[in-house]
Amino acid sequence: MPPVGFYLSSSLIEWPGKITASVVLQGCNFRCPFCHSCEFVPVGRPKKEVPVDEVLEDLSARRRWVDGVVISGGEPTLHADLPGLLEEIKALGLLVKLDTNGSNPDMLEKVVEQGLVDLVAMDLKAPLDERYYTAVGKKIDLGKVRRSLDILRGHPDLSLIH
């Protein structure tokens, strides 16, 4: 399972109209100078890892009180085992919102096509030109971000692009 750096058992601000839990996964491929979650950027194990089993156990106990779970990071789509975590959450009867930077369209497409997400929020950092590199702190493949946008445009019922 992906490394969990932070778990919040309930939030009223992550998903409009929903009570959610928040799971923050460790590791990001961007180096945004304005990052508000910089402790979750380094790839690897978080300083204070939250055991996934404990998160799932708490979600199971609280599933009548929360509507869903927001998975963010870092960048959650970097983790090959993300679908497994989403399957576990969906098996509890909970909705799943994925917050992504759009840099991994293959994983995004996989979780969308498998029905493992109910909402996706993609954070665009700047216009999709050379300014994007400054905003994310490094040179990235803008074609991947564009492809993620196309995936979400094909599923307007699932997407929040901001």
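This one's a predicted model, so the numbers in the text were calculated from it and none came from an experiment.

Participant: If you had to explain the environment of Leu-92 to someone new, which residues and values would you point to?
Facilitator: For Leu-92, the position within the fold is in the loop between α2 (82–91) and β4 (95–100). Here Leu-92 falls in the buried class, since its relative accessible area comes to 18%. Along the sequence, Leu-92 and Leu-56 sit 36 residues apart, while their C-alpha atoms lie 8.7 Å from each other. Beyond its immediate sequence surroundings of up to four residues, Leu-92 is in contact with Leu-56, Leu-59, Ser-60 and Arg-63.

Participant: Lay out helix α5 (residues 142–153) in plain terms, naming residues and giving numbers.
Facilitator: Look at α5: 16 Å from first C-alpha to last across 12 residues, which is about the 16 Å you get at 1.5 Å a residue. Here α5 has its buried residues at Leu-142, Val-145, Ser-148, Leu-149, Ile-151 and Leu-152. Of the residues that open α5, the one with a side-chain oxygen 2.9 Å from the backbone nitrogen of Gly-143 is Asp-141.

Participant: Any chance you could break down a negative patch on the surface for me, citing the residues and the numbers?
Facilitator: Negative charge collects at one region of the surface, where Asp-53, Glu-54, Glu-57, Glu-87 and Glu-88 lie side by side. Those elements giving two or more residues to the negative patch turn out to be α1 (52–62) and α2. Broken down by element, the negative patch gets its largest block of residues, 3 residues, from α1. Its location among the elements puts Glu-54 in helix α1.

Participant: Requested: an account of the pattern of salt bridges, with residues and values cited.
Facilitator: Taken as a whole, this structure holds 7 salt bridges when the rule is applied. Put simply, Glu-109 and Arg-147 hold a salt bridge, and the shortest N to O gap is 3.0 Å. With Glu-109 in helix α3 (residues 105–113) and Arg-147 in helix α5, the pair connects residues that are 38 residues apart, well separated along the chain. For Arg-147, a relative accessible area of 33% gives the class partly exposed. Residues Asp-123 and Lys-125 are paired through a salt bridge, measuring 2.8 Å at the closest nitrogen-oxygen approach. What you see here is one network of salt bridges that share partners, running through Asp-106, Glu-109 and Arg-147.

Participant: Describe the nonpolar core, and please don't skip the residues or the numbers.
Facilitator: By size, the foremost hydrophobic cluster in this structure holds 42 residues, and its most contacted members are Leu-59, Ile-71 and Ile-89. Residue contributions to this core peak at 5 residues, all from α5. In contact with Ile-89, other than residues within four places in its own chain, are Leu-56, Leu-59, Val-69, Ile-71, Leu-94, Leu-95 and Val-96.

Participant: Run through the packing of α2 against α3, naming residues and quoting values.
Facilitator: For the pair α2 and α3, the least separation of the axes is 10 Å and the interaxial angle reads 25°. Considering the angle they form, α2 stands roughly parallel to α3. Note on packing geometry: the crossing formed by α2 with α3 is right-handed. Where α2 approaches α3, its residues Leu-82, Pro-83 and Leu-86 are matched on the opposing element by Met-107, Lys-110 and Val-111.

Thresholds applied
- Residues numbered from 1 in each chain as written.
- Predicted model: local features only at pLDDT ≥ 70, side-chain atom pairs only at ≥ 80, totals over all residues.
- Heavy atoms only, no water.
- Helix = DSSP H or I, 4+ residues; strand = E, 2+ residues; numbered from the N terminus.
- Buried < 20%, exposed > 50% of the residue type's maximum accessible area, 1.4 Å probe, protein only.
- Contact = heavy atoms within 4.5 Å.
- Expected span 1.5 Å × (residues − 1).
- Polar contact = N/O pair within 3.5 Å; in protein donor to acceptor, adjacent residues only side chain to side chain.
- Patch = residues over 30% accessible without salt bridge, like charges linked within 9 Å, V, L, I, M, F, W, Y side chains within 5 Å.
- Areas by Shrake-Rupley, 256 points an atom, 1.4 Å probe, with all protein chains shown as cover.
- Salt bridge = Lys/Arg side-chain N within 4 Å of Asp/Glu carboxyl O.
- Lys, Arg positive; Asp, Glu negative; His and termini not counted.
- Charge placed at Lys NZ, Arg CZ, Asp CG, Glu CD.
- Core = buried A, V, L, I, M, F, W, Y, C linked by side-chain atoms within 4.5 Å.
- Axes fitted to C-alpha atoms, helices over the stretch in contact; angles between N-to-C directions.
- Parallel < 35°, antiparallel > 145°, perpendicular 65-115°, else oblique.
- Left-handed = near helix turned anticlockwise from the far one by under 90°.

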